[in-house]
Amino acid sequence: MMYLLALVIAISLGWLALQLIIKDRLGFYLSLFLGAALGLGIIGQIIFYLQLVGNNFNHFLPPLISLILLGILYLAKKTKKIQSPRIVKNFSLLVLPILAIPLWMEAHYFPSGGWDAWSCWNLKAKFIYLGQDHWKDIFLPILWRSNTNYPLALPIINVWFWHWTGFSQNVLMLNSILLTLLTTGVLLLGLQELKVSKVKAAIVTLAVFTLSFGNTLSISQYSDALFSLYLLAAFICYLLFRENKDDRLLVLTAVFIGLLSFTKNEGSIAAAILTSLLIIQRLPKPGKFIAILIAAALPTIIFILTMLPHNEAFTNGLTSPDKPSTLARLGYILIYTLVEFISLKWNGLWILAAVGLISNLRKAFVMPLAIIGLFFVLYIAVVLAYYQINTFFEIGWWMSNTLNRIIFVLMPSVFLWMALSLFRKDA
């Protein structure tokens, strides 16, 4: 019950904030799911700033400030006279309970998550929740295997729920399911808002989220789930902005890009790439867009400038005589990447996406849809370049343990791209 209370507060906070930004521009269900994602981000930022000011986790202030902010947003909504959303039947939402069942079952067989969950993300949450004024010890060089240089969005969100429930591994398990279902809902409803039929949107969503290997990654309790959610939300809001010419949706795009930057280092890189691509598109009032993005990404900026430790797991292969970057390493990276995309564990989904996109070149590779493709190419290029330059790890082990996760977080956005190029009614 206390978990649900914490969740309801977060969702209400995000939904009210979203309504003030976009008013009644989006359908109720998409607003609800985007609002939930936004609410978790707002809660995370509240706790982060409190950690900075108080230097320890305060059990009283986060709920107090959240409830005060909730009241302020509610009063602001009433004074702005925003129309009450019209709730309509949407049977495609049955996709969510259908997916929740296997996720719930598999999560119970994997209650502690994967290696990076208990050695990185969950450990950081424990330091924040239990460490008092020693919580920054998580950045000590001796703990470099815990990815000490990664931002804190997911750990802080987990801490929010612990505040209400007390320390519990079940919270971490539930949050992995929650984030997966939020991403599922955003993809399903985002496709419908962008004029893909309910049936086709449901089929595409099921194809992505019923993947057995994907389910294993989804309940691993990694920050990848948060990365995937915010990236997808940013793309959908931008595409809706391009369709409706409504600057309020561009504001929401900037907010989600800012939240994306705080998920992990890869999220910061993704946010920088996506921001650059959007600015090139000659956005209206680019100064306003950048200002909002900076405000949303301020925890990332503070983290990088004041807290970011040296990356102990980095060896510059371009200058290292002991572990140089070689052409053989580059060849291995390129071949492994190709083999990964066609691996049987993906059930041919990446091949299907490629075929679908190539068969609709005229639609898929024209703006604004092409923004997803450009992002995908640039992001993968940066990832592969990092594999090549950082020779700290043995490349075979490193890629076998990380590349599948890196490309899986992109899958909802790639299938958004493919589905819109294939099935959009007015395309």
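Here we summarise the structure given alongside this text. Please read all numbers here as calculations on a predicted model, not as lab measurements.

1. A look at the overall build of the protein chain
Within the protein chain, the secondary structure is distributed over 20 helices and zero strands. A compact globule built from 427 residues should have a C-alpha radius of gyration of about 22 Å, and the protein chain, at 21 Å, falls within 12% of that. C-alpha extents for the protein chain along the principal axes are approximately 65 × 55 × 45 Å. Counting all 427 residues of the protein chain, 56% fall into the buried class. Excluding contacts between residues fewer than 6 apart, the proportion of contacts in the protein chain whose partners are at least 24 apart in sequence is 82%. On the protein chain, roughly 18,200 Å² of surface is accessible, and the fraction owed to carbon and sulfur atoms is 69%. Across the protein chain, 30 positive and 16 negative side-chain charges occur, with their mean positions spaced 13 Å apart.

2. Quick word on the side chain of Ser 119
Positionally, Ser 119 belongs in helix α5 (residues 115-130). With a relative accessible area of 7%, Ser 119 lands in the buried category. Aside from chain neighbours lying at most four places away, what touches Ser 119 is Arg 145 and Ser 146.

3. Thoughts on the packing of helix α2 (residues 28-54) against helix α6 (residues 153-165)
At a minimum axis distance of 9 Å, the contact between α2 and α6 shows a crossing angle of 90°. On the basis of their axis angle, the class for α2 and α6 is roughly perpendicular. For the pair α2 and α6, the contacting residues are Leu 40, Ile 43, Gly 44, Ile 47 and Phe 48 in the first and Ile 156, Ile 157, Trp 160 and Phe 161 in the second. Taken together, the residues of the contact of α2 with α6 break down into eight nonpolar, one polar and no charged.

4. So, empty space enclosed by the protein
This model, assessed by the stated rule, comprises six cavities of 30 Å³ or more. Space inside the largest cavity adds up to approximately 160 Å³. Grouping the constituent residues of the lining of the largest cavity by class yields eight nonpolar, four polar and two charged.

5. Topic: the packing of aromatic side chains
Under the counting rule described, the total for this entry stands at 32 aromatic pairs. With a centroid separation of 4.7 Å and 25° between ring planes, the pair formed by Tyr 3 and Phe 161 is classed as stacked. Of this pair, Tyr 3 sits in helix α1 (residues 2-22) while Phe 161 sits in helix α6; the two residues are 158 residues apart in sequence, bridging distant segments of the chain. Phe 161 shares its class with Tyr 3; the two are buried. Ring geometry for Tyr 129 and Trp 162: centres 5.5 Å apart, planes at 55°, overall tilted.

So, how was this worked out
Residues numbered from 1 in each chain as written. Predicted model: local features only at pLDDT ≥ 70, side-chain atom pairs only at ≥ 80, totals over all residues. Heavy atoms only, no water. Helix = DSSP H or I, 4+ residues; strand = E, 2+ residues; numbered from the N terminus. Rg over C-alpha atoms; globule rule 2.2 N^0.38 Å. Buried < 20%, exposed > 50% of the residue type's maximum accessible area, 1.4 Å probe, protein only. Contact = heavy atoms within 4.5 Å. Areas by Shrake-Rupley, 256 points an atom, 1.4 Å probe, with all protein chains shown as cover. Lys, Arg positive; Asp, Glu negative; His and termini not counted. Charge placed at Lys NZ, Arg CZ, Asp CG, Glu CD. Axes fitted to C-alpha atoms, helices over the stretch in contact; angles between N-to-C directions. Parallel < 35°, antiparallel > 145°, perpendicular 65-115°, else oblique. Nonpolar A, V, L, I, M, F, W, Y, C, P; charged D, E, K, R; others polar. 1 Å grid on protein atoms, 1.4 Å probe; cavity = no way out; pocket = protein on both sides within 12 Å on 5 of 7 lines; lining within 4 Å. Points joined across faces, edges and corners; volume = space filled by probe spheres on them. Phe/Tyr/Trp six-rings, centres within 6.5 Å; stacked < 30°, edge-to-face > 60°.

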